Amino acid sequence: MKTYNGLFDKIVDEDNIQKAILKASLGKRKKASVRRTLCNISEIAHKLSQELKTDTWRPVEAHQTTQINDGVELKKRYIVCPNFASEQCVHHAIMNICEPLFRKKFYQYSCGSVKGHGGDQAKKYIEKILKKYPAKTKYVAKLDIKKFFANAKPSFIFHEVRRTIRDRRVLRLFALILRANKQIVDGKVIKGGIPIGFYTSPIFANILLNPLDHYIKEVLGIEYYVRYMDDIIMFSPNRRKLKRACLSIREWLETRKLQLKPIWQVHRMTSVNFIGYQFKKSGLIRIRDRIFLKSVRCVRRVARKKAERRMTIHDCLRILSYMGRFKNAQTYSAFRRYISPLINIREMRKRVSRHFKKLAKTQKERMGNKYDMATCRGQPATA
């Protein structure tokens, strides 16, 4: 198995840290802390570089959390917000160099938080195998890991990181980040898992579950398999084989101190819900009922706000986000009936485009042209 050394000097290079600062600032440039960092990007990059070189950089010991209701089912999640200059930028600097090395070893259809491998790829793959191989996708099993981020053990993640990285100074940085998992929840300090909100957390999740992907494909012999973060779906013509695979996966996870949710089952493939879509045996793809209902209610609220001239750019972004699901599913008649009469999608796209062009121009003037907003997506400023 190939491992990599000599990465520390690339990470602490000031150009790499400047790229990391610009990348980390995307979508957050209205915040005062981010604006201050961008105004002094050279000085902060130099300071972080020196702290990393002298081994004096330390993450925050305990992070404050914010509770949100996530997704259609409104799950309660606690989100941490790390310090921008001293933590987020360092996380980005490390992953600018190390993430491509981990990504080389990831399973092709590991589709959560992997660049170029998102939900669209998972949807297209499932759609393809259902149409092309109906006999080989006769049965389906859908699994979910119980409270994955809260129960993931940093020691197992670090063990997997060492299978790719052997630079001791880089491994020390990973160890510091993994140990910085104390969260203040309702006034109590809770330690464990990987915090939701760190840039590194979804990457660590994929690193931990990557051996499971190869175990399912190569040892258990499941030909058609997709994982979206901690959600797993498998297809097979043999029902008993799928059941044995599910039991083996449960045993594998228990060796990593993780558990499957007890609701998993193997059944004949008629329809299955995954990544927000409902996949039919015939090849049809629908939006899940809850997401469809939530999108229609959102459109109605925004339509009322537009009539009262209270519609914001945030409302436009929400609508366009839902329209992405309508575009990727076979729901044209529902779109014509419930969405088109209420809002104009083309008008919203134009409004969003004008907003971000104006914002980019304003921020470029505010920063005194210290960096080019059009080329700052991960690229350092040029003289």
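See the structure printed just above.
All values reported here derive from a predicted model rather than from experimental measurement.

Undergrad: What is the right way to look at the overall build of the chain in this model?
TA: Helix and strand counts for the chain stand at 15 helices and 11 strands. For 383 residues, the compact-globule estimate of 2.2 N^0.38 gives 21 Å, and the C-alpha radius of gyration of the chain, at 23 Å, lies within 12% of that figure. The dimensions of the chain, computed from C-alpha atoms along their principal axes, are 60 × 60 × 45 Å. With 383 residues in all, the chain has 43% of them scored as buried. Of the contacts made within the chain by residues no fewer than 6 positions apart, 71% connect residues no fewer than 24 positions apart. For the chain, the exposed area adds up to about 20,900 Å²; of that, 49% sits on carbon and sulfur atoms. Here the chain carries 84 positive and 31 negative side-chain charges, and the mean point of each set is 7 Å from the other.

Undergrad: When you look at the pairing of strand β3 (residues 139-144) in this model, what are you seeing that I'm missing?
TA: If a strand is regular, its side chains alternate between the two faces of the sheet. Counting buried residues in β3 gives five out of six residues, a clear majority hidden from the surface. Here six bridges tie β3 to strand β7 (residues 231-236), and the two strands are oriented antiparallel to one another. Bridge pairing in β7 places D144 opposite D231. In terms of strand pairing, β3 meets strand β8 (residues 265-268) through four bridges, oriented antiparallel. In the strand pairing of β8, Y139 is matched with R268.

Undergrad: Is there a simple way to explain the sheet that holds strand β1 (residues 62-70) in this structure?
TA: Paired through backbone hydrogen bonds, the strands of a sheet run either parallel or antiparallel to each other. Spatially, β2-β1-β4-β5 is the arrangement adopted by the four strands of the open sheet, whose pairing is mixed. Edge strands, defined here as strands with exactly one partner in the open sheet, are β2 (75-80) and β5 (188-191). Here the strands of the sheet are splayed against their neighbours by 40° on average, with no regard to which way each runs. Alignment of β1 against β2, held across six bridges, turns out to be antiparallel. Counted as the bridge partner of N69 is K76 from β2.

Undergrad: It is not clear to me how the pairing of strand β6 (residues 224-228) should be interpreted in this structure. Could you clarify?
TA: Among the five residues that make up β6, four are buried, leaving the element largely enclosed by the rest of the structure. Here β6 runs beside β7; their pairing, made up of five bridges, is antiparallel. Paired with Y225 across the two strands is M234, which belongs to β7. Where β6 hands over to β7, the hairpin turn is made up of two residues, of which M229 adopts a positive phi near 60°.

Undergrad: I would appreciate a short explanation of the environment of R300 in the present structure.
TA: Among the secondary structure elements, R300 is positioned in helix α12 (residues 289-307). A relative accessible area of 43% means that R300 is categorised as partly exposed. Spatially, the C-alpha atoms of R300 and E127 are 31 Å apart, while their sequence positions differ by 173 residues. Setting aside residues no more than four positions away along its own chain, R300 makes contact with Y338 and L342.

Undergrad: When you look at the nonpolar core in this model, what are you seeing that I'm missing?
TA: Where a protein is soluble and globular, its nonpolar side chains tend to be buried together. In this structure, I165, F174, M234 and F279 are the most contacted members of the largest nonpolar core, which totals 113 residues. Take this core: its biggest share by element is 10 residues, from helix α5 (residues 84-103). Once residues lying within four places of it in the same chain are set aside, the contact partners of I165 are Y4, L7, C98, L101, F102, V170, L171 and F174.

Undergrad: Explain helix α10 (residues 201-219) to me, please; I cannot follow it from the model alone.
TA: Two residues of an α-helix separated by three or four positions point the same way, owing to the 3.6 residues in each turn. With 19 residues, α10 extends 27 Å from end C-alpha to end C-alpha; this agrees with the ideal 27 Å at 1.5 Å per step. Of all the bends in α10, the greatest, near 40°, is centred on L209, and the proline P211 appears no more than four residues after it. G221 sits one or two positions beyond α10 and adopts a positive phi of about 75°.

Undergrad: Looking at this model, I keep getting lost on the packing of aromatic side chains. Mind explaining?
TA: We describe a pair of aromatic rings using the distance from one ring centre to the other and the angle between the two ring planes. Scanning the model with the defined rule gives 11 aromatic pairs in all. Ring geometry for Y107 against Y225: centres 5.3 Å apart, planes inclined by 25°, an arrangement best described as stacked. Highlighted residues: Y107 in the loop between α5 and α6 (119-132) and Y225 in strand β6, separated in sequence by 118 residues. By relative accessible area, Y107 is classed as buried at 11%. These aromatic residues form a ring-pair network of at least three members: Y107, Y109, Y125 and Y225. Over the aromatic face of W252 sits the side chain of R256, whose NZ or CZ is 4.0 Å from the ring centroid.

Undergrad: Just to check I follow, could you spell out the pattern of salt bridges for this structure?
TA: Note that side chains of opposite charge can pair when their charged atoms are close. For the coordinates displayed, the defined rule picks out 13 salt bridges. The partner of D144 in a salt bridge is K261, and the shortest N-O contact between them spans 3.0 Å. Remark: K261 occurs in the loop between α11 (239-255) and β8 and D144 occurs in strand β3; sequence separation between them is 117 residues. Here D144 falls in the buried class, since its relative accessible area comes to 18%. The closest approach of N and O atoms between E308 and R310, which form a salt bridge, is 2.7 Å.

The rules we used
- Residues numbered from 1 in each chain as written.
- Predicted model: local features only at pLDDT ≥ 70, side-chain atom pairs only at ≥ 80, totals over all residues.
- Heavy atoms only, no water.
- Helix = DSSP H or I, 4+ residues; strand = E, 2+ residues; numbered from the N terminus.
- Rg over C-alpha atoms; globule rule 2.2 N^0.38 Å.
- Buried < 20%, exposed > 50% of the residue type's maximum accessible area, 1.4 Å probe, protein only.
- Contact = heavy atoms within 4.5 Å.
- Areas by Shrake-Rupley, 256 points an atom, 1.4 Å probe, with all protein chains shown as cover.
- Lys, Arg positive; Asp, Glu negative; His and termini not counted.
- Charge placed at Lys NZ, Arg CZ, Asp CG, Glu CD.
- Pairing = 2+ DSSP bridges.
- Axes fitted to C-alpha atoms, helices over the stretch in contact; angles between N-to-C directions.
- Core = buried A, V, L, I, M, F, W, Y, C linked by side-chain atoms within 4.5 Å.
- Expected span 1.5 Å × (residues − 1).
- Bend = angle between axes of the 7 residues up to and from the residue.
- Phe/Tyr/Trp six-rings, centres within 6.5 Å; stacked < 30°, edge-to-face > 60°.
- Lys NZ or Arg CZ within 6 Å of the ring centre and 35° of its normal.
- Salt bridge = Lys/Arg side-chain N within 4 Å of Asp/Glu carboxyl O.

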